[in-house]
Every structure is written in C-alpha cells, then in structure tokens.
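Architecture at a glance
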Amino acid sequence: MSTTNSSSSSNPSGFLRTETFTCVWCGLAVTALTPDGHRRNHCPSCLHSCHVLDQVDGGPSECQSRMTPISIAVLRNGDWMVIHRCVRCDELTANRAQVDDNQLILMRLAVRPLAQPPFPLEAFGAL
Amino acid sequence: MPRRKVRRTDRRPQRAKDLPDRRGSAHTDAFRCVGCRLDVPLSAPGTAHRNHCPHCLTSLHVDRRIPGDRDADCRGRMEAMGLSVRPDGEWMLIHHCLECGELSVNRIAGDDNPLALLRMAVRPLSDSRVPVRVLLTL
Ligand SMILES: [Zn+2]
Ligand SMILES: [Zn+2]
Ligand SMILES: [Zn+2]
Ligand SMILES: [Zn+2]
C-alpha cells in the first residue's frame, strides 16, 4: 500500500472508514478497513502488499517495496494467514486473510505445494 | 501477526554437541531437536546447512537477517507453519519463532520426513471452512 489518501482530515487520531490506499501491484483503490472493521495490510484483489514495517527491528521500514504473497499458513485456531515476502529485501510477514480477500487466489496459494510435490504422493495412500 | 510470548518449560538451548567419532570423518556434529528431542547429525547426504529437524521440522531461532548469519540472540523455538513453492518448484518451509514472532523461509532437506511435509501441505485444505465451490473452480 503505497499512497494513503484520506478524504477528510477532521479526525487525525481516529481511523476513517473513508480512507483508501492504492495497490502497488494492480492499482486498485482499496478501502483501508475491511467490511468487518479490520485494518487491511494487503490488497483484497491481488493480495500484494507493501513493505512498510521492519519485522526484525520493529517500527517503520524504509524499504517501501512490493511484497508478494508466497504461502498460506494455518494458525491453531484455524485462521488463515497470508505469508508475504518483500521482492527487494526478502523480509517476511504474516497477516490474517480477510473476509473479502480473493478466494481464488487464496486457494491457488494453498494448493500450490500439493500441485508440485517433491515426492510421489501415491506412496502415502490415505492421510 | 501479534507477537506473543510463549512460556516454555524447557529452556535448554539446541546446542551442538560432540558425538564419539568412530570413522574419523568430519561428520561429528549433532544437535538435539527442541521439538522432539531427536539427536540430529548436522550433515547428511544431500543436505547442506541443515537448519531444522528432519523428523518434526522444528528449528531454532539463531539467524537474524540472512539464513546462516547466526546473528540472532533469541534462540527461541521455531515451528514450521507453512510451505511455499519457489518458481523452480522447490518446496520451502516457513518457520515461525514462538518466542519473538519472527518468520524465516528455509529449503527442505533430502532426508526430511515426507509425511511431516505432506501434513504441512494439506493443512489449509483440511480446514472444514474452506468453501468447496472455490476448490471446484480451480
Ligand atoms: Zn492489488
Ligand atoms: Zn523490503
Ligand atoms: Zn524434531
Ligand atoms: Zn525468535
């Protein structure tokens, strides 16, 4: 998320429902909040993100490069996390999949390992 | 992901220890896995720079920015949380530090337990909330 445009500056501390950002990859203008009120970290359409936080040292990152979704991980409570990797510095982040994220892209990421197994799956029978 | 502190009952670090060297080779180093307590030799055929247990896939947080830099003082337990696929098709394991929340991505090794890897691969799909109609459209 590269640019943040707020349609009003009357409420600097609160987070405005009207705030949007432009996706660094597909160019879509996206509301910063999901329909159920969570703050987005990635584009719901292409799932790309932007490297704005330093995961190792904490705080803001100067990198600002594009982050691509590389994997789906599942938390113990069943929630799906989207793993992003920065195309410039390789840093990784994990962020919750949101209700209006593109389901097709989420599933494509989730099944990718099984589509390209490093060993024959037939040997395993039923898991 | 919220960074959470996980209290561990066993804080013994996964340190390298010397095993009796019977063949006089350089393959003398091993570590005890913090996940399953298996004694894992550091080197094995087809396995360079081993960084996780081949049996349970658990790792230890010792690297900071670059794999192999051994620059982190965290030494927390890192659990495998997912798989990604490189453009060349190679499977990569994503590890998550239970102490500090950091993530790392590591190559799978030639002697990693295939069943443990496969369980990791099917984990998103064993979620009953996955809409089947989405699967059917793929
Ligand atoms: Zn996008
Ligand atoms: Zn970056
Ligand atoms: Zn183990
Ligand atoms: Zn750590």
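An unreviewed UniProt entry annotates chain B as RNHCP domain-containing protein originating from Streptoalloteichus tenebrarius.

The name given to chain A in an unreviewed UniProt entry is RNHCP domain-containing protein, and the organism recorded there is Streptoalloteichus tenebrarius.

1. Brief notes about the overall build of chain A
Secondary structure summary: chain A contains one helix and seven strands in total. For chain A, the N- to C-terminal ordering of α and β elements is β-β-β-β-β-β-β-α. Expressed as a percentage of the 127 residues in chain A, the buried residues total 43%. If you take every contact in chain A between residues at least 6 apart in sequence, the share linking residues at least 24 apart comes to 31%. On chain A, roughly 6,600 Å² of surface is accessible, and the fraction owed to carbon and sulfur atoms is 52%.

2. Details of the pattern of salt bridges
Where charged atoms of side chains with opposite charge meet at close range, the side chains can pair. On inspection of all chains with the given rule, the structure shows ten salt bridges over all chains. It is possible to trace a salt-bridge network through shared partners that takes in Arg-86, Asp-88, Glu-90 and Arg-107 of chain B.

3. Let's talk about the interface of chain B and chain A
Residue-level contacts link 36 residues of chain B with 40 residues of chain A. Both sides together, the interface formed by chain B and chain A hides about 3,200 Å², and carbon and sulfur atoms give 68% of it. If you look at where chain B meets chain A, you find one salt bridge. Between Glu-79 of chain B and Arg-76 of chain A there is a salt bridge, with its nearest N and O atoms 2.9 Å apart. Joining chain B to chain A, the criterion identifies five residue pairs in polar contact (both at pLDDT 80 or more).

4. Some remarks on the coordination of the zinc ion (ligand 3)
All names here are of chain B. For the zinc ion (ligand 3), the protein coordination sphere consists of Cys-33 (SG), Cys-36 (SG), Cys-53 (SG) and Cys-56 (SG), at 2.3 Å. One way to put it: the four donor atoms around the zinc ion (ligand 3) meet at angles of 100 to 117°, and that makes the site tetrahedral. All donors of the zinc ion (ligand 3) belong to a single chain; written as a sequence motif, their spacing is C-x2-C-x16-C-x2-C. Linking Cys-36 in the loop between β2 (29–32) and β3 (39–41) with Cys-56 in the loop between β3 and β4 (59–60), this pair joins segments that are 20 residues apart in sequence.

5. Here's the deal with the nonpolar core
Core analysis: the biggest nonpolar cluster contains 13 residues, and Leu-57, Leu-83, Trp-91, Leu-93, Leu-117 and Met-120 of chain B have the highest contact counts within it. Of all the secondary structure elements, the ones that give two or more residues to this core are β5 (77–85), β6 (91–97) and α1 (114–122) of chain B. Per-element tally for this core: the top contributor is α1 of chain B, with five residues. Counting twelve residues, the second largest nonpolar core, distinct from the first, contains Leu-75, Met-81 and Ala-94 of chain A together with Val-105 of chain B.

6. Some words on the UniProt feature "domain: RNHCP" (unreviewed entry) in chain A
Summarizing the sequence annotation, UniProt attributes the feature "domain: RNHCP" (unreviewed entry) to residues 19–107 of chain A in the numbering used throughout. Measuring from the first to the last C-alpha atom of residues 19–107 of chain A gives 28 Å, for a span that is 6% helix and 33% strand.

7. Concerning the packing of aromatic side chains
Under the defined criterion, the tally for this structure stands at one aromatic pair over all chains. Considering the side-chain rings of Phe-119 of chain A and Trp-91 of chain B, the 5.7 Å spacing of their centres and the 70° angle between planes classify their relative orientation as edge-to-face. Placement of Phe-119 of chain A in the segment after α1 (103–115) and of Trp-91 of chain B in strand β6 is noted, with the two residues assigned to different chains. Take Phe-119 of chain A and Trp-91 of chain B: they sit in the same class, and that class is buried.

8. Some thoughts on the coordination of the zinc ion (ligand 1)
Residue and element names in this part refer to chain A. Here the zinc ion (ligand 1) is held by Cys-23 (SG), Cys-26 (SG), Cys-43 (SG) and Cys-46 (SG), and the distances to it run 2.3 to 2.4 Å. Every donor counted, the four donor atoms about the zinc ion (ligand 1) form angles of 101 to 118° at the centre, which fits tetrahedral coordination. Along the chain, the residues donating to the zinc ion (ligand 1) fall in the pattern C-x2-C-x16-C-x2-C. One end of the pair, Cys-23, is in the loop between β2 (20–22) and β3 (29–31); the other, Cys-46, is in the loop between β3 and β4 (49–50), with 23 residues separating them in the sequence. Of the two residues, Cys-23 and Cys-46, both sit in the buried class.

About the cut-offs
- Residues numbered from 1 in each chain as written.
- Chains lettered and ligands numbered in written order.
- Predicted model: local features only at pLDDT ≥ 70, side-chain atom pairs only at ≥ 80, totals over all residues.
- Heavy atoms only, no water.
- Helix = DSSP H or I, 4+ residues; strand = E, 2+ residues; numbered from the N terminus.
- Buried < 20%, exposed > 50% of the residue type's maximum accessible area, 1.4 Å probe, protein only.
- Contact = heavy atoms within 4.5 Å.
- Areas by Shrake-Rupley, 256 points an atom, 1.4 Å probe, with all protein chains shown as cover.
- Salt bridge = Lys/Arg side-chain N within 4 Å of Asp/Glu carboxyl O.
- Buried area = accessible area lost by both parts, 1.4 Å probe.
- Polar contact = N/O pair within 3.5 Å; in protein donor to acceptor, adjacent residues only side chain to side chain.
- Donors = N, O, S within 2.8 Å, 3.2 Å for Na, K, Ca; no water.
- Tetrahedral: all angles 85-135°; square planar, octahedral: opposite > 155°, others 65-115°.
- Core = buried A, V, L, I, M, F, W, Y, C linked by side-chain atoms within 4.5 Å.
- UniProt positions renumbered as here; feature names shortened; annotations may be inferred.
- Phe/Tyr/Trp six-rings, centres within 6.5 Å; stacked < 30°, edge-to-face > 60°.

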